Amino acid sequence: MDFSGSKMQLLTVTEFNEQEAELTRAQSKQLNCKGCGKQTPNLFQYDLCRDCLNQTFKRLIKVIDSIRK
Ligand SMILES: [Zn+2]
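Caption draft 1: Representation of the nonpolar core in the model. Of all hydrophobic cores here, the largest spans 7 residues; its members are Cys-33, Leu-43, Phe-44, Leu-48, Cys-49, Cys-52 and Leu-53. Those residues in contact with Cys-49 that sit more than four places away from it in its chain are Cys-33, Gly-35, Cys-36, Lys-38, Thr-40 and Leu-43.

Caption draft 2: Structural detail: the environment of Cys-36. As for its position among the elements, Cys-36 is in the loop between strand S1 (31-32) and strand S2 (39-40). Since 12 C-beta atoms lie within 10 Å of it, Cys-36 is described here as exposed. With 12 residues separating them along the chain, Cys-36 and Leu-48 place their C-alpha atoms 8.1 Å apart. For Cys-36, the contacting residues outside a window of four places in its chain are Cys-49, Asp-51 and Cys-52.

Caption draft 3: Here's a closer look at unusual backbone geometry. Phi is positive for Tyr-46, which is not a glycine, with a value near 65°. Overall, the presence of 13 C-beta atoms within 10 Å leaves Tyr-46 in the partly exposed class. Phi angles above zero are rare outside glycine, and Asp-47 is one such case at about 60°. Its 14 C-beta neighbours within 10 Å are what place Asp-47 among the partly exposed residues.

The rules behind these values
Residues numbered from 1 in each chain as written. Predicted model: local features only at pLDDT ≥ 70, side-chain atom pairs only at ≥ 80, totals over all residues. Core = buried A, V, L, I, M, F, W, Y, C linked by C-beta atoms within 7 Å. Buried ≥ 20, exposed ≤ 12 C-beta atoms within 10 Å, placed from the backbone. Contact = placed C-beta atoms within 7 Å. Helix = DSSP H or I, 4+ residues; strand = E, 2+ residues; numbered from the N terminus.

Right, here's the structure in full:
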């Protein structure tokens, strides 16, 4: 199976989220994750904490792979 395409997509999304995280950190306040409701100073894309974002990435990889088949 060829995962190289999926990896490239994922890296692009991750880099974008690092920029989002920097912006969120600069505000330095507690925010609630929209996924699990946990309070965290670092919310990422879609108002998700890192754990929830990882779950989203796992789903995203499955979607990308299914599209590529
Ligand atoms: Zn969460």
